[in-house]
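Now for the letters of each chain:
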Amino acid sequence: MRHGTTSIGDALREFMNKSRMKPRLTEVRIQENWEKLMGKTIARYTQSIQLIDHNLIVTTTVAPLKQELTYSKDKIIKLVNEMLGENIVKEVMIR
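A short tour of the structure in this document, coming up. (Residues numbered from 1 in each chain as written. Predicted model: local features only at pLDDT ≥ 70, side-chain atom pairs only at ≥ 80, totals over all residues. Heavy atoms only, no water.)

### Focus on the nonpolar core
Line of reasoning, step 1. Of all hydrophobic cores here, the largest spans 19 residues; its most connected members are I30, W34, L56 and V80.
Line of reasoning, step 2. Sorting the residues of this core by element identifies α2 (22-38), β1 (48-52), β2 (55-59), α4 (63-71), α5 (73-84) and β3 (91-94) as the ones contributing at least two each.
Line of reasoning, step 3. For L56, the residues in contact, after removing those within four places along its chain, are I30, W34, I49, Q50, L51, I76, V80, V89, E91, V92 and M93. (Core = buried A, V, L, I, M, F, W, Y, C linked by side-chain atoms within 4.5 Å. Buried < 20%, exposed > 50% of the residue type's maximum accessible area, 1.4 Å probe, protein only. Helix = DSSP H or I, 4+ residues; strand = E, 2+ residues; numbered from the N terminus. Contact = heavy atoms within 4.5 Å.)

### Observations concerning the pattern of salt bridges
Line of reasoning, step 1. Per the stated rule, a full pass over the model turns up three salt bridges.
Line of reasoning, step 2. Measuring nitrogen to oxygen at the nearest pair gives 2.9 Å for the salt bridge that ties R24 to E27. Here R24 and its partner E27 are both found in helix α2, three residues apart, which amounts to about one turn of the helix.
Line of reasoning, step 3. Residue classification places R24 among the partly exposed positions, given a relative accessible area of 46%.
Line of reasoning, step 4. Linking K78 and E82 is a salt bridge whose minimum nitrogen-to-oxygen distance equals 3.7 Å. Placement of both K78 and E82 in helix α5 is noted, with a separation of four residues, approximately one turn of the helix. With respect to burial, K78 and E82 carry one shared label: exposed. (Salt bridge = Lys/Arg side-chain N within 4 Å of Asp/Glu carboxyl O.)

### Focus on the sheet that holds β2
Line of reasoning, step 1. On the basis of which strands lie adjacent, the open sheet formed by three strands has the order β1-β2-β3 and mixed pairing. Sheet topology places β1 and β3 at the edges, where each strand pairs with a single neighbour. Between one strand and the next, the sheet's axes are offset by a mean angle of 20 degrees, whatever the strand orientation.
Line of reasoning, step 2. Strand direction decides the pairing type here: β2 and β3, joined by four bridges, are parallel. Within β3, the residue paired with N55 across the bridge is E91.
Line of reasoning, step 3. Against the sheet, α5 contacts β2 and β3, and its axis sits at roughly 125 degrees relative to β3. (Pairing = 2+ DSSP bridges. Axes fitted to C-alpha atoms, helices over the stretch in contact; angles between N-to-C directions.)

### Here we look at the packing of α2 against α5
Line of reasoning, step 1. For the pair α2 and α5, the least separation of the axes is 10 Å and the interaxial angle reads 120 degrees. Considering how the two elements wind past one another, α2 and α5 form a crossing that is right-handed. Residues T26, R29, I30, N33, W34, L37 and M38 of α2 form the contact with α5, whose own contacting residues are I76, L79, V80, M83 and L84.
Line of reasoning, step 2. A breakdown of the residues in the contact of α2 with α5 according to their chemical character gives nine nonpolar, two polar and one charged. (Left-handed = near helix turned anticlockwise from the far one by under 90°. Nonpolar A, V, L, I, M, F, W, Y, C, P; charged D, E, K, R; others polar.)

### Observations concerning a nonpolar patch on the surface
Line of reasoning, step 1. Taken together, F15, M21 and L25 make up a surface patch of nonpolar side chains, about 300 Å² in accessible area.
Line of reasoning, step 2. Position of M21 among the secondary structure elements: in the loop between α1 (8-18) and α2. (Patch = residues over 30% accessible without salt bridge, like charges linked within 9 Å, V, L, I, M, F, W, Y side chains within 5 Å. Areas by Shrake-Rupley, 256 points an atom, 1.4 Å probe, with all protein chains shown as cover.)

Have a look at this one:
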């Protein structure tokens, strides 16, 4: 690369980091990788996943799953942040 030039990938990455779309794109990445992170059974009974102000909100109507997810909050935070490559999720809320 010449002095003062930036690759397209770096330019897009910088734009996305400064963009208001980043939280929504991060949420979509989590949703797309949820089954890989948590397994098929948990993914099947998870109704929605939202990311609001560094809080991951997981919605399910299955009581035993709510209980299991409640006990696994630290693990969920760790897995999601590792998948994203940065510490985005600070807290998990189960509804």
